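Results of the structural survey
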Amino acid sequence: MTIFKETLDEEYLTLAETKEILADIEADRAEDEEREMRYELARAIEHVNRFALLDPDEAQEFVDKLQDLEKVDEATAYKIANLRPLDRDELRAIYAQERYTLDGDELDAILDVVKQYA
């Protein structure tokens, strides 16, 4: 017997938004002493606490500014906002799977936006 799971909804999140959601889950679990936090949940909470440096509104503004640029789609904007690349090589790694490459000016424009929020 195989159990299939169906994706009902998909939404991109910044680390700051994820941190907020996981904080609510952590608070709910803390209220119920019988429910232990699973290892994966504890690691996810630890990860967002370490790497989420912006508040959710600021992170969303960051994503919006990235999407205003020409070759930054929604998924890539969220990747850049979450990873905050510091140089061209790190940014190229994000674009490595795309069918196009960015020239130096386009990379610099994206990095200028990233520097505003770093």
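Residues numbered from 1 in each chain as written. Predicted model: local features only at pLDDT ≥ 70, side-chain atom pairs only at ≥ 80, totals over all residues. Heavy atoms only, no water.

This next bit is on the overall build of the chain. In terms of regular secondary structure, the chain is built from six helices and zero strands. In terms of overall dimensions, the chain has a C-alpha envelope of 55 × 40 × 20 Å along the principal axes. Every one of the 118 residues in the chain was classed for burial, and the buried ones make up 28%. Considering only residue pairs separated by 6 or more positions, the chain has 53% of its internal contacts joining residues 24 or more positions apart. For the chain, the exposed area adds up to about 8900 Å²; of that, 46% sits on carbon and sulfur atoms. Positive and negative side-chain charges in the chain, numbering 15 and 34 respectively, have mean positions lying 6 Å apart. (Helix = DSSP H or I, 4+ residues; strand = E, 2+ residues; numbered from the N terminus. Buried < 20%, exposed > 50% of the residue type's maximum accessible area, 1.4 Å probe, protein only. Contact = heavy atoms within 4.5 Å. Areas by Shrake-Rupley, 256 points an atom, 1.4 Å probe, with all protein chains shown as cover. Lys, Arg positive; Asp, Glu negative; His and termini not counted. Charge placed at Lys NZ, Arg CZ, Asp CG, Glu CD.)

Now for the pattern of salt bridges. Throughout the structure, instances matching the rule amount to six salt bridges. Two residues, R43 and E46, come together in a salt bridge whose shortest N-O distance is 3.6 Å. Within this pair, R43 and its partner E46 are both found in helix α2 (residues 39-51), separated by three residues, close to a single helical turn. Judged by relative accessible area, which is 42%, R43 ranks as partly exposed. For E106, the salt bridge goes to K71, with nearest N and O atoms at 4.0 Å. (Salt bridge = Lys/Arg side-chain N within 4 Å of Asp/Glu carboxyl O.)

The next subject is the packing of helix α3 (residues 56-68) against helix α6 (residues 104-117). Axes are the key here: two packed helices are described by the angle between their axes and the distance separating the axes. Following both chains from N to C, one finds α3 and α6 inclined at 170 degrees, their axes separated by 10 Å at the closest point. Classified by the interaxial angle, the pair formed by α3 and α6 is roughly antiparallel. Here α3 contributes E58, E61, F62, K65 and L66 to the contact with α6, which in turn contributes I110, V113, V114, Q116 and Y117. Taken together, the residues that form the contact of α3 with α6 break down as six nonpolar, one polar and three charged. (Axes fitted to C-alpha atoms, helices over the stretch in contact; angles between N-to-C directions. Parallel < 35°, antiparallel > 145°, perpendicular 65-115°, else oblique. Nonpolar A, V, L, I, M, F, W, Y, C, P; charged D, E, K, R; others polar.)

This next bit is on α3. Between its terminal C-alpha atoms α3 stretches 19 Å, which fits the 18 Å expected from 13 residues at 1.5 Å a residue. Every buried residue belonging to α3 is among A59, F62, V63 and L66, and all of these are buried. For α3, the angular spread of the buried residues around the axis is 95 degrees, confining them to a single face. Structural note: α3 exposes D57 and D68 on the side pointing more than 90 degrees away from its buried face. Close packing links the buried residues of α3 with α1 (15-31), α4 (74-83) and α6. (Expected span 1.5 Å × (residues − 1). Arc of directions from axis to C-beta.)

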